[in-house]
Amino acid sequence: MSIRQFLRKKFADPNQLALLLDPLPGTENADHASSPQASTVSGTPIPPNRRRIHLDTLSLDYRLLRSKRRTIGFLIDDDGLRVTAPKWVTVAEIELAIKSKQPWIFRKMNEQRERSVRRLQPPMEWRDGATLPFLGNDIVLRIADRGNVGARFDESTNELHISLPASSTEQQLKDRVQGWLQGEAKRVFAERLDHYAAKLGVTYQRFSLSSASTQWGACTVDGRIRLNWRLVHFALPNIDYVVAHELSHLREMNHGPHFWATVQSVLPEFESARKALRDHEPQKLPNF
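Rules and cut-offs
- Residues numbered from 1 in each chain as written.
- Predicted model: local features only at pLDDT ≥ 70, side-chain atom pairs only at ≥ 80, totals over all residues.
- Heavy atoms only, no water.
- pLDDT = per-residue confidence, 0-100.
- Contact = heavy atoms within 4.5 Å.
- Salt bridge = Lys/Arg side-chain N within 4 Å of Asp/Glu carboxyl O.
- Buried < 20%, exposed > 50% of the residue type's maximum accessible area, 1.4 Å probe, protein only.
- Phe/Tyr/Trp six-rings, centres within 6.5 Å; stacked < 30°, edge-to-face > 60°.
- Helix = DSSP H or I, 4+ residues; strand = E, 2+ residues; numbered from the N terminus.
- Lys NZ or Arg CZ within 6 Å of the ring centre and 35° of its normal.
- Axes fitted to C-alpha atoms, helices over the stretch in contact; angles between N-to-C directions.
- Parallel < 35°, antiparallel > 145°, perpendicular 65-115°, else oblique.
- Left-handed = near helix turned anticlockwise from the far one by under 90°.
- Nonpolar A, V, L, I, M, F, W, Y, C, P; charged D, E, K, R; others polar.
- Core = buried A, V, L, I, M, F, W, Y, C linked by side-chain atoms within 4.5 Å.
- Expected span 1.5 Å × (residues − 1).
- Pairing = 2+ DSSP bridges.

## Comments concerning the confidence of the model for the protein chain
Turning to step 1, where the next piece is worked out: Considering every residue of the protein chain, the mean pLDDT works out to 80; 80% of them sit at 70 or more.
Turning to step 2, where the next piece is worked out: Under a pLDDT of 50 for its full length, residues 1-44 has, in the predicted model, 93 contacts with residues more than four places off or in other chains.

## A few points about the pattern of salt bridges
Turning to step 1, where the next piece is worked out: According to the stated counting rule, one finds ten salt bridges in the structure shown.
Turning to step 2, where the next piece is worked out: As a salt-bridge pair, Arg127 and Glu125 come within 3.1 Å of each other at their nearest N and O atoms.
Turning to step 3, where the next piece is worked out: The partly exposed category is assigned to Arg127, whose relative accessible area is 43%.
Turning to step 4, where the next piece is worked out: One salt bridge in this structure joins Lys275 and Asp279, with 2.6 Å as the shortest N-O distance.
Turning to step 5, where the next piece is worked out: Relative accessible area serves as the criterion here: at 29%, Asp279 is assigned to the partly exposed category.
Turning to step 6, where the next piece is worked out: A single network of salt bridges, built from pairs that share partners, joins Asp128, Arg142 and Glu159.

## Some thoughts on the packing of aromatic side chains
Turning to step 1, where the next piece is worked out: For the coordinates displayed, the defined rule picks out nine aromatic pairs.
Turning to step 2, where the next piece is worked out: Measuring from ring centre to ring centre gives 5.4 Å for Trp216 and Phe234, while their planes differ by 85°; the resulting arrangement is edge-to-face. Taken together, the residues Trp216 in the loop between strand 11 (206-210) and strand 12 (217-219) and Phe234 in the loop between strand 13 (224-228) and helix 5 (236-248) connect sequence positions 18 residues apart.
Turning to step 3, where the next piece is worked out: Members of the aromatic cluster, joined through ring pairs, are Tyr241, Phe259, Trp260 and Phe270.
Turning to step 4, where the next piece is worked out: A cation over a ring is seen here: Arg274 above Trp260, with NZ or CZ 4.6 Å from the ring centre.

## With respect to the packing of helix 4 (residues 170-200) against helix 6 (residues 257-266)
Turning to step 1, where the next piece is worked out: At a minimum axis separation of 10 Å, helix 4 and helix 6 run at an interaxial angle of 115°. Comparing the axis directions of helix 4 and helix 6 gives the class roughly perpendicular. Crossing of helix 4 against helix 6: the hand is right-handed. Touching Tyr196, Lys199 and Leu200 of helix 4 are Thr262, Ser265 and Val266, all from helix 6.
Turning to step 2, where the next piece is worked out: For the contact of helix 4 with helix 6, a count of residues per class yields three nonpolar, two polar and one charged.

## Quick look at the nonpolar core
In globular proteins that are soluble, nonpolar side chains generally tend to be buried together.
Turning to step 1, where the next piece is worked out: If you look at the biggest cluster of nonpolar residues, it comprises 44 residues, and the most contacted ones within it are Leu141, Val177, Leu181, Phe189 and Leu247.
Turning to step 2, where the next piece is worked out: Sorting the residues of this core by element identifies strand 7 (131-134), strand 8 (137-144), strand 10 (159-163), helix 4, strand 13, helix 5, helix 6 and helix 7 (270-278) as the ones contributing at least two each.
Turning to step 3, where the next piece is worked out: Of all the elements, helix 4 adds the most residues to this core, at eleven residues.
Turning to step 4, where the next piece is worked out: By size, the runner-up hydrophobic cluster in this structure holds 15 residues, among which are Leu55, Leu60, Ile72 and Ile76.

## As for helix 4
Turning to step 1, where the next piece is worked out: In this model helix 4 runs 43 Å from its N-terminal to its C-terminal C-alpha over 31 residues, within 8% of the 45 Å that 1.5 Å per residue would give.
Turning to step 2, where the next piece is worked out: Immediately beyond the C-terminal end of helix 4, within one or two residues, lies Gly201, with a positive phi of roughly 70°.

## Some details on the packing of helix 5 against helix 6
Axis angle and axis distance: for two packed helices, these are the angle between their axes and the distance between the axes, and together they describe the pair.
Turning to step 1, where the next piece is worked out: Between helix 5 and helix 6, whose axes approach to 9 Å, the crossing angle comes to 135°. Here helix 6 runs oblique to helix 5, going by the angle between their axes. Seen from above, helix 5 lies across helix 6 with right-handed handedness. Contacts between helix 5 and helix 6 pair Tyr241, Ala244, His245 and Ser248 from the former with Phe259, Trp260, Thr262, Val263 and Val266 from the latter.

## Observations regarding unusual backbone geometry
Turning to step 1, where the next piece is worked out: The backbone of Leu135 shows a phi angle near 55°, a positive value even though the residue is not glycine.
Turning to step 2, where the next piece is worked out: Assignment of secondary structure puts Leu135 in the loop between strand 7 and strand 8.
Turning to step 3, where the next piece is worked out: Phi at Asn158 is positive, roughly 60°, even though this residue is not glycine.

## Details of the environment of Asp56
Turning to step 1, where the next piece is worked out: As for its placement among the helices and strands, Asp56 is situated in the loop between strand 3 (50-55) and strand 4 (58-67).
Turning to step 2, where the next piece is worked out: Residue Asp56 is classed as exposed on the basis of its relative accessible area of 59%.
Turning to step 3, where the next piece is worked out: Separated by 46 residues in sequence, Asp56 and Gln102 have C-alpha atoms that sit 8.6 Å apart.
Turning to step 4, where the next piece is worked out: Those residues within four positions of Asp56 in sequence are excluded, and the remaining contacts are Gln102 and Phe106.

## With respect to the sheet that holds strand 6 (residues 80-86)
Across a sheet, strands are paired by hydrogen bonds formed along the backbone, either parallel or antiparallel in direction.
Turning to step 1, where the next piece is worked out: Across the sheet, four strands lie side by side as 3-4-6-5; this open sheet has mixed pairing. Where the open sheet ends on each side, the last strands, each with one partner, are strand 3 and strand 5 (73-77). Recorded for the sheet is a direction-independent mean angle of 35° between the axes of neighbouring strands.
Turning to step 2, where the next piece is worked out: Examined bridge by bridge, strand 3 and strand 4 share six bridges and lie antiparallel to one another. Its bridge partner being in strand 4, Leu55 is matched across the sheet by Leu58.

Encoded structure:
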C-alpha cells in the first residue's frame with residue numbers, strides 16, 4: 001500500500017480537522033528523538049502521553065490520546081496539539097500523517113501566532129486619537145467641543161471628527177460614533193446591493209440593518225434582506241460576499257451546489273472573504 005493510499009484510508013478529511021498550531025516554549029530548537037518515554041522541555045518533565053516529532057527544523061510536542069474513533073483527529077487547546085487516534089493505529093503511522101501535512105501545519109502555526117498577538121492587544125479606548133476599523137482600515141477618532149453635536153469624516157486625513165460637549169459621557173460618544181457607522185453602513189450596503197442585484201438579475205424588496213450576534217445577513221422568500229451593520233468595519237470584499245450571498249438566495253433558497261455556483265458567478269474569490277469573516281476576532285471590534 002502506498003503512503004497516499006494509507007493516508008486516504010486512515011487520515012481524517014482535512015476539512016473536518018481542527019488544527020491550530022503554535023510551537024510550545026522551548027521546542028523551537030530542540031533536537032530529541034520521538035520516544036514513548038517521558039522526556040523534558042526546558043527541564044520540565046513531559047507526561048507519558050506526550051510525544052515529540054521532528055518537522056523539518058522544528059520539534060513539536062503533542063499529546064496522544066487513544067479512542068474508539070475510526071480516524072486520526074487533531075485539536076489545539078491551551079496545552080498545545082492533541083492527537084486522537086484509534087487504538088490500532090501505530091505511532092509511526094500517526095507521525096507519518098502529521099508529517100504529510102507539514103505545509104498546512106506551519107501555516108496554521110503562523111495563523112495561531114497572529115491570533116495570539118491580536119488577543120494580547122488592549123481593547124479600544126474611547127478617547128481622542130483612538131482608532132477604530134472602518135471598511136477594512138483604521139480611522140482616527142477626533143473629539144472636540146465645538147458648541148454643536150455632530151460627526152464628520154475627513155477622507156484626506158482619515159479622521160472621524162466628533163463634536164460633543166465636554167461634559168458628555170463615554171456612552172454618548174459611543175452612541176454618536178455608532179450612529180455615524182450605521183449611516184455609512186446603509187449607504188455602502190445599498191450601493192453594493194444594487195450592484196450585485198443587477199449582476200444576478202434579481203430584485204430585492206427592501207433591506208434593513210440588523211444587530212444580530214450570530215448572523216451577518218439574512219434573506220426571506222419575499223425578498224427582504226437584513227445585513228449586520230457591523231460589516232461596515234470590514235473591507236469591501238467581505239461586505240460584497242455577504243451581499244452576494246443573500247442576493248443569491250433570491251435564486252436558490254438553500255445552500256446547495258447551485259447556490260454556491262451562483263455566488264461564485266458574481267464573486268469568484270468569495271471563499272477567501274468567507275474565511276476572513278469566519279476567522280475574525282470578535283473582541284477586536286469596538287464594544288458599543
